[in-house]
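Letter by letter, the chains look like this.
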Amino acid sequence: MANSLFEEKLYSNEFLVTTEIGPPKGADISEMVHHIDLLKDKVDAINITDHQSSVMRFPSLGGCLLVKEHGGEPILQMTCRDRNRLALQADLLLAYSRGIVNVLCLTGDSVDAGDHDEAKPVFDLDSVQLLKMIRIMESGTDIAGKELKGAPNFCTGASVHPEADFIEPQLIKFEKKVSAGAQFFQTQGIFDLGSLRRFMQYASQFNVKILAGIIVLASARMARYMNDNVPGIIVAQAIIDELASAGKGKGLQKGIEVAARLIRTIKEENLCHGVHVMAVGNEGIVPDILEAAELVGVPS
Amino acid sequence: MIVAEQKPLDEISRMIASYERVLILGCGTCMTVCDAGGEREVSFLHNALRVAQSKIGNGIHIFWEYTLKRQCDPEFLELIVERVAEVDAVLSLGCGIGVQAVAERFPELPSLPGVNTSFMGMTRETGVWDERCAACGDCRLEDTAGICPITRCIKGILNGPCAGTKNGKCEANKDMDCAWLLVYERLEKLAQLERMRRYYPPRNFRTIPRPRRIISKTSVDPGEEYG
Amino acid sequence: MDSLLTDIRQNYPANRTQRFLADHSLVPTCQTACPLHMEIREYVDLVAQGKIVESLQVIRSGNPFPSICAYVCTHPCEDACRRDQVDKPVAIRALKRFALEFGGDRLIQAEAETSHIEKVAIVGSGPAGLACAYYLRKFGYPVTIFEAHSELGGMLRVGIPQYRLPREVIDTEVQRLTRMGVEIRTNTPVVSLDLLFDIGYKAIFITIGAHQSLRMRIDGEESPGVIDGATFLREINLGLRPSPGERCAVIGGGNVAFDAARTALRLGAREVRILYRRSRVEMPAGPEEVEQALEEGVEIVFLVAPIKIKREKGRLSVTCIRMELGDPDAGGRCQPVPIEGSEFNEEFDTLITAIGQAPQTPGGFGVRLGRGSTIQVEPGTLATNRPGVFAGGDAVTGPATVVEALAAGRLAASRIDDYLQHRYPLVVKETRESLTGDLLPETVEMVRRIGRVEPPILASEERSKDFEPVELVYDWETATNEARRCLRCGTGAEILSQDRCATCLTCLRICPYHVPYLDAGSTVQIPIDQCQACGTCVAECPAKVIVLRKPHDRRRVTEELEHILKTAAGSKLKPLIVGFCCQYGLFGTGTLASLWRGARAGVWIVPVLCVATVEAEHLLRALEIGAEGVFVAGCGDGCARENTASWIRQRVEKVRKILVQIGLQPERLQTFVSGTLSEDPAQGMDNFIEQVGGLYLASVMMQEVKS
Ligand SMILES: Cc1cc2nc3c(=O)[nH]c(=O)nc-3n(C[C@H](O)[C@H](O)[C@H](O)COP(=O)(O)OP(=O)(O)OC[C@H]3O[C@@H](n4cnc5c(N)ncnc54)[C@H](O)[C@@H]3O)c2cc1C
Ligand code: SF4
Ligand code: SF4
């Protein structure tokens, strides 16, 4: 029995589309609400990020509640950076009790990357252990083995990085996530479909759904910046060149084009089970991308 | 070995400001090796404080210097009992342990830290030290090819690299090797990659209740003693 | 303010302080090889530092007649010099000559007072006799020298030719002896010792040398035109001018043969040929000697010996035979074997034999003789079989060298003193160990190569015409540079207390010569036979447990700073600048030295063994004693060691950081390195003085504003 609409779709062989919203730094949630309303019917689920890049923000759980309130399908992003196992379990119980059942389990960026670089990094658990912990909770106990009054039930996801420059250890970790219970994967940004193809050829042996991460780049400068500064990301040179060819002020337009083209190809060639569109602070343009990718109206 | 750095001079000056007679106490073991508080650094600090005094009029102090073989064993501290009787404070260039050992042995005297104790590590080259052990109390180096991910991975995670690694370096520091890639490479060489495929449950932090104590002597039941 | 020395030592328990004060250096190989045991390393180093007068003092304290050695010593020290393992030995003899000339040796007067009544007679006035007289006078004995010839000096006078040892040199030394009150009886051959005892001498030293030339024992040896080398040279040296004719043969391969050959050339012989029965390797003459002879036109024929001489028509027809070398004998020397049928004839006007000499001891001496007619003595005391009679020099050893004769003379003086004072003749033991062992290839590789520079010599065409001294003296710069080549063997670093060594391995990692190592017991060892005494590890050791073995090297900097502190306290010259300068090279002895030292008011120089030995705390200490600015100056590329400047730069940087924290301007600290600096260091120095002056004024003004 599916826990959520999203989980149901996960096993329906539909081409899935998810996107993400970064919560505000502050108590004013109006813009987030606006984005939720804008996107909730255009995608299958909305991820709410968890202090992305270790920058302190409105919490992911709070964002997910809003999505829920506004009738959307939230995916709770949960990192191990800020909470120990007690806090993580507690948050999961809260989420479940409010109908938030899709959880993307992540290790989390290092604290150094963010705006509170003197904070104590927690990392009591890692992503694999978090996935495992959810499965244990579902079986009716907490991870210390104490019985739970009412067990939760989640649809769990994790991330994977098909474009990592040193892929073997990543694949080992992927498999560990699969065995720990991950049902779906949202990948890190894909810029080179070749690597996605190679990855899918390998990943198709596992009974998990893969949503290719699509990052919308607003300019060549941004692409280069990401190469230098964003953990793990490697934007292919071909794409940087393409962005650079765009006229002044046309960068974003070009970025949308690139993203849409990637999505279209993925879908046409049936490369994987769906896409996860990350507009990094430009949530408003996601509908344009989906339109350009001829995906609008997919949600029924 | 324990690795530390001498504190900035202004911090030390502030710390000793209200004490007239100060004993600068070096440590002949780790602090000597890591250039933070051996006889040479004691002497250097002594000279620096005196220059500060003579050139800037930075307080009026009388300094003594002495370097013990080790500050972390109480017996060594007996060697300075007489000297200590004449001073208003001890500025210890021992690691945090030394500072506390001095405080414990001389309860009526301020024991001031002259170094920032930083980590346990090894020498990379003269004057460069790298952290290698977090003293987690639950050593897993067997499974990680002798490379400690708890110390050398900024996140201390147990089940493989995060996705932030790039060019073999850590996401948090482009100069630092990703510990997990090192583990992978070494396990591969040792033909032990299956160790990395294994699931490692969350760490047991209970093995390190703080403060820790290690007892290596066996307690003997008096009844069992031989006549 | 309490003294820095007490500062440093207050951590040292008494026995450590004692260790700190003692000299732990080892006796270098040169000194061990020197029969007089001269402090070669010390005086060579003083020359390198430009301290020529001090150098001369060290030389004089170890040698009664250094001026003679400076010309003719066979320098066994150089043969033993470890620098040879890197490139070439240090030119020790030539440096000694330099020190004597530039240190004003001519002006030095020796004095002696008589404090004993026992008279001592010395028979023979060669170097052994003269040395013995010198020391006995120093001990306070009345001394008389009896000499068969009309002039003093023995072989120095009648053997060694003037072009190698100018007669004024001997005269000066003899004059000194006379001034010291030595009674001299020339033209007085002694035939009986009893007589000497009878007229009141209480002890006698026989040093009659070895003047009887050995004979070749071949037909025709008595013919006119055949003369032995010793006699030939003596005649010339005593003022005769025998003519060697056009063509002259010299038989032999030792110094006498070469001196005879070169002298014959100077007397007008057109062709001089040395015939030697072995090969070049076996030839006892020194290489310089051989080289100079060849330059002058002497011809050397190896593996040839005369077997018959016939006098015909006023010339000599000499039959020679070729030789080949047989198997080495017990002594390792290959014996020449005649090749049958290889005889050939040569015509000469003169033939000089120089195949060795033996002593000729008058029977009336009553002393026991041994092999080769030498006088038998007890080696440690030089006592003969007759009570009160001692002997030494060539008379005991057979033909040897000046320096050995001097050593024998010195030893005899001590032993005669013991004898006359009824003391048991105790041998004074050297407390320091002798350095042994070769440099390891790894060490050799790291030592900078600096070629040996020989002293200038007269051009060969000029010299073969007369008896002018052939060798000239170094100039200042060449000498100081040559002296810097000395490796100061045995003065290196040691771990003063293994107990306080933290085994941090810093020394092992930073030593430019890879000297320290970890032994099987996990203890760090600094092998003294490899250490190059650069002192880098001394300054870098975090336990401060490494010291240089010479107390002077160790305490130098702190003591100089103390001195400046005392002197400068009363000085009105502000701002005070303290500079740590390499004691060698450009800054120590070169042009910049005088510039920096004298001419600039308020600039105080602390000469250091090497800038790498300047510790960070020394820099601070200089500021504390009142310096407004501090600088370190070294030679950079010109340094005899590798990479010294980088160490001092690191330390300067460390201290600069601390200065900033103290609230002082880091510009107060400067490094000057010649060679790597595009700017002229003298100019840089000017700028620095100006800058420090500015900082000083600013700080005075600040203080005025504050008060
Ligand atoms: C040609 C030549 C060149 C040399 N070159 C060198 C050199 O370059 N470097 C070096 O180190 N060595 C050299 N030597 C060797 C050196 O000169 C001798 O080893 C040294 O002089 C020996 O000193 P001595 O005092 O034992 O005897 P001598 O110097 O031989 O002096 C002995 C003295 O005793 C006198 N005498 C002898 N019998 C009596 C008596 N019965 N009564 C009174 N007086 C007497 C003699 O007249 C003579 O003056 C050379 C020797 C010769 C012959
Ligand atoms: S290098 Fe110097 S100390 Fe060493 S043997 Fe030669 S002269 Fe003597
Ligand atoms: S003094 Fe120099 S050569 Fe000798 S051990 Fe120390 S660093 Fe090496």
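Calculation notes
- Residues numbered from 1 in each chain as written.
- Chains lettered and ligands numbered in written order.
- Predicted model: local features only at pLDDT ≥ 70, side-chain atom pairs only at ≥ 80, totals over all residues.
- Heavy atoms only, no water.
- Helix = DSSP H or I, 4+ residues; strand = E, 2+ residues; numbered from the N terminus.
- Buried < 20%, exposed > 50% of the residue type's maximum accessible area, 1.4 Å probe, protein only.
- Pairing = 2+ DSSP bridges.
- Axes fitted to C-alpha atoms, helices over the stretch in contact; angles between N-to-C directions.
- Contact = heavy atoms within 4.5 Å.
- Buried area = accessible area lost by both parts, 1.4 Å probe.
- Salt bridge = Lys/Arg side-chain N within 4 Å of Asp/Glu carboxyl O.
- Polar contact = N/O pair within 3.5 Å; in protein donor to acceptor, adjacent residues only side chain to side chain.
- Near = heavy atom within 4 Å.
- Nonpolar A, V, L, I, M, F, W, Y, C, P; charged D, E, K, R; others polar.
- pLDDT = per-residue confidence, 0-100.
- Core = buried A, V, L, I, M, F, W, Y, C linked by side-chain atoms within 4.5 Å.
- Right-handed = clockwise from strand over helix to strand, strands pointing away.
- Phe/Tyr/Trp six-rings, centres within 6.5 Å; stacked < 30°, edge-to-face > 60°.
- Lys, Arg positive; Asp, Glu negative; His and termini not counted.
- Patch = residues over 30% accessible without salt bridge, like charges linked within 9 Å, V, L, I, M, F, W, Y side chains within 5 Å.
- Areas by Shrake-Rupley, 256 points an atom, 1.4 Å probe, with all protein chains shown as cover.
- Charge placed at Lys NZ, Arg CZ, Asp CG, Glu CD.
- Parallel < 35°, antiparallel > 145°, perpendicular 65-115°, else oblique.
- Left-handed = near helix turned anticlockwise from the far one by under 90°.

Undergrad: Even after reading the chapter, I still don't get unusual backbone geometry, so can you show me in this structure?
TA: Residues apart from glycine generally show negative phi values, whereas peptide bonds are mostly found in trans. All names here are of chain C. Not every positive phi belongs to a glycine, and Ser522 is a case in point at roughly 65°. Relative to the helices and strands, Ser522 resides in the loop between β18 (517-518) and β19 (524-525). Exposure remark for Ser522: the relative accessible area of 46% places this residue in the partly exposed category. We note that Ala533 has phi near 60°; this positive angle belongs to a residue other than glycine. Its location among the elements puts Ala533 in the loop between β19 and α22 (536-540). Given a relative accessible area of 1%, Ala533 falls into the buried group.

Undergrad: Please clarify how the sheet that holds strand β1 (residues 2-6) of chain B should be interpreted in this entry.
TA: Hydrogen bonds between backbone groups are what pair the strands of a sheet, and the pairing can be parallel or antiparallel. All names here are of chain B. Taken together, the 3 strands give an open sheet; going across it, the order is β1-β6-β7, and neighbouring strands pair in antiparallel fashion. Each edge of the open sheet is held by one strand with a lone partner, namely β1 and β7 (128-133). Neighbour-to-neighbour, the strand axes of the sheet open up by a mean angle of 70°, direction not taken into account. In the sheet, β1 pairs with strand β6 (residues 115-125) via 5 bridges, with the strands oriented antiparallel. From the neighbouring strand, Glu5 faces β6, where its bridge partner is Asn116.

Undergrad: Can you help me understand the interface of chain B and chain C in this one?
TA: Quite often, the size of an interface is put as the accessible area lost when its parts meet. Contacts between the two partners involve 31 residues from chain B and, on the opposite side, 37 residues from chain C. Across the chain B to chain C interface the summed buried area is about 2,900 Å²; carbon plus sulfur atoms make up 52%. The three residues of chain B that bury the most area against chain C are Arg40, Phe44 and Lys55 of chain B, which together make up 24% of that side's buried surface. On the surface where chain B and chain C come into contact, there are 4 salt bridges. In this structure, Glu41 of chain B and Lys654 of chain C form a salt bridge, with 2.6 Å as the shortest nitrogen-oxygen distance. At the boundary of chain B and chain C, one finds 11 residue pairs in polar contact (both at pLDDT 80 or more).

Undergrad: I keep staring at the site of ligand 2 and nothing clicks. Help me out?
TA: Every residue close to ligand 2 is listed here: Pro28, Thr29, Cys30, Arg41, Cys81, Arg82, Ile92, Cys486, Leu487 and Cys489 of chain C. Among the residues forming the shell around ligand 2, the class breakdown is 7 nonpolar, 1 polar and 2 charged.

Undergrad: Sorry if this is basic, but what is going on with the confidence of the model for chain C here?
TA: Should pLDDT be low for a region, the predicted coordinates there are not to be read in detail. Residue and element names in this part refer to chain C. In this model, chain C carries an average pLDDT of 87, and 91% of its residues clear a pLDDT of 70 or more. Low confidence marks residues 1-12, where pLDDT is under 50. Its contacts with residues over four positions away, or in another chain, come to 34 contacts. If you check the scores for this complex, the pTM reads 0.81 and the ipTM reads 0.83.

Undergrad: I keep staring at the nonpolar core and nothing clicks. Help me out?
TA: Most often, soluble globular proteins have nonpolar side chains that are buried together. Grouped together as the largest cluster of nonpolar side chains are 103 residues, with contacts concentrated most on Ile40, Leu136, Leu165, Ile416 and Ile546 of chain C. In this structure Ile416 of chain C touches Val120, Cys132, Leu136, Ala203, Phe205 and Phe390 of chain C, once residues within four positions along its chain are discounted. Counting residues in hydrophobic clusters, the runner-up holds 85 residues, among them Leu61, Phe123, Phe191 and Cys272 of chain A.

Undergrad: Teacher, can you tell me more about the pairing of strand β7 (residues 247-251) of chain C here?
TA: Remark: a regular strand shows side chains that alternate across the two faces of the sheet. All names here are of chain C. The buried fraction of β7 amounts to 5 of the 5 residues, a majority that puts the element mostly inside the structure. Side chains Arg247, Ala249 and Ile251 project from β7 onto one buried face, and the interleaved Cys248 and Val250 project onto a second face that is buried too. Taken together, β7, helix α14 (residues 255-266) and strand β8 (residues 271-275) form a β-α-β motif whose crossover is right-handed. Both β7 and strand β14 (residues 350-353) contribute to a ladder of 4 bridges, which runs parallel. Across the sheet, residue Ala249 finds its bridge partner in β14, namely Leu351.

Undergrad: Can you walk me through the packing of aromatic side chains in this structure?
TA: Each aromatic ring pair is summarised here by two numbers: the centre-to-centre distance and the angle between the ring planes. Using the criterion set out here, one finds 17 aromatic pairs over all chains in the structure. Measuring from centroid to centroid gives 5.7 Å for Tyr96 of chain A and Phe154 of chain A, while their planes differ by 65°, and the two rings are edge-to-face. Of this pair, Tyr96 of chain A sits in helix α4 (residues 85-97) while Phe154 of chain A sits in the loop between α5 (127-138) and β5 (155-160), placing them 58 residues apart in sequence. On the accessibility criterion, Phe154 of chain A (2% relative accessible area) is buried. A ring pair is formed by Phe146 of chain C and Tyr201 of chain C, whose centres lie 5.8 Å apart and whose planes are at 80°; its orientation type is edge-to-face. Taken as a pair, Phe146 of chain C in strand β2 (residues 143-146) and Tyr201 of chain C in strand β4 (residues 201-206) lie far apart in primary sequence, 55 residues in all. Of the two residues, Phe146 of chain C and Tyr201 of chain C, both sit in the buried class. An aromatic cluster of at least three residues, connected via ring pairs, comprises Phe174, Phe185, Phe199, Tyr202 and Phe206 of chain A.

Undergrad: Mind showing me how you'd approach the pattern of salt bridges here?
TA: Opposite charge on two side chains lets them pair, provided their charged atoms get close. Inspection of every chain in the model, using the stated rule, returns 80 salt bridges over all chains. Among the charged side chains, a salt-bridge network with shared partners connects Asp23, Glu39, Arg41, Glu42, Arg432 and Lys550 of chain C.

Undergrad: Whenever I open this one, the side chain of Lys166 of chain B confuses me. Can you help?
TA: Positionally, Lys166 of chain B belongs in the loop between α7 (149-152) and β8 (169-170). Within the buried core, Lys166 of chain B has no salt-bridge partner, and the shortest N-O distance to an opposite charge, that of Asp228 of chain A, equals 6.4 Å. Within polar-contact distance, the side chain of Lys166 of chain B engages the backbone oxygen of Met226 of chain A at 3.4 Å. Here Lys166 of chain B is in contact with Asp165, Met226, Asn227, Asp228, Val230, Pro231, Gly232, Ile233 and Ile234 of chain A, once residues within four sequence places are set aside.

Undergrad: I tried to follow the sheet that holds strand β22 (residues 603-608) of chain C on my own but got confused; where do I start?
TA: Residues and elements named next belong to chain C. The parallel open sheet is built from 4 strands, whose spatial order is β22-β21-β23-β24. With one partner strand each, in any of the chains shown, β22 and β24 (669-673) form the two edges of the open sheet. The mean angle between the axes of side-by-side strands here comes to 20°, regardless of whether they run parallel or antiparallel. Bridge count for strand β21 (residues 577-582) against strand β23 (residues 629-634) is 5 bridges, and the pairing is parallel. Across the sheet, residue Cys581 finds its bridge partner in β23, namely Ala633. Helix-sheet contacts for helix α27 (residues 644-662) involve β23 and β24, and the interaxial angle to β24 is about 165°.

Undergrad: Honestly, a negative patch on the surface in this entry has me stumped. Any pointers?
TA: All names here are of chain C. A surface patch of like charges, here negative, comprises Glu168, Glu461, Glu462, Asp466 and Glu468. If you trace the backbone, Glu461 turns up in helix α19 (residues 460-463). Judged by relative accessible area, which is 53%, Glu461 ranks as exposed.

Undergrad: Got a minute to help me understand the site of ligand 3 in this structure?
TA: Contacts to ligand 3 come from Ala493, Cys511, Pro512, Tyr513, Pro516, Ile526, Cys531, Gln532, Ala533, Cys534, Gly535 and Cys537 of chain C. Split into classes, the residues belonging to the shell around ligand 3 amount to 10 nonpolar, 2 polar and no charged.

Undergrad: So what exactly am I meant to see when it comes to the packing of helix α26 (residues 616-624) of chain C against α27 of chain C here?
TA: When two helices pack together, you describe them by how their axes are tilted relative to each other and by the distance separating the axes. Residue and element names in this part refer to chain C. The N-to-C vectors of α26 and α27 enclose an angle of 45°; their axes lie 9 Å apart at closest approach. As the angle between them shows, α26 and α27 are arranged oblique. α27 is crossed by α26, and the crossing has right-handed handedness. Residue-level contacts link Ala616, Leu619, Leu620 and Leu623 of α26 to Arg651, Val652, Lys654, Val655, Ile658 and Leu659 of α27. Grouping the amino acids of the contact of α26 with α27 by side-chain chemistry returns 8 nonpolar, no polar and 2 charged.

Undergrad: Can you help me understand the pairing of strand β1 (residues 119-123) of chain C in this one?
TA: Residue and element names in this part refer to chain C. Most of β1 is tucked away, with 4 of its 5 residues classed as buried. Bridging between β1 and β4 involves 5 bridges; their strand directions are parallel. The partner of Ala121 across the bridge, within β4, is Ile204. Sheet analysis places β1 next to β2, joined by 4 bridges and oriented parallel. Paired with Val123 across the strands is Phe146, a residue of β2. Handedness of the crossover is the feature at issue here: the chain leaves β1, passes through helix α9 (residues 127-139), returns alongside β2, and the resulting connection is right-handed.

Undergrad: What should I look at first to understand the environment of Cys34 of chain C in this one?
TA: For Cys34 of chain C, the position within the fold is in the loop between α3 (29-33) and α4 (40-48). Measuring from C-alpha to C-alpha, the distance between Cys34 of chain C and His75 of chain C comes to 7.5 Å, with 41 residues separating the pair along the chain.

Undergrad: Got a minute to help me understand the environment of Thr172 of chain C in this structure?
TA: Residues and elements named next belong to chain C. Relative to the assigned elements, Thr172 resides in helix α11 (residues 167-179). Taking the C-alpha atoms as reference, Thr172 lies 21 Å from Glu54; in sequence the two are 118 residues apart. Here the side chain of Thr172 touches Glu168 through a polar contact of 2.6 Å, landing on its backbone oxygen.

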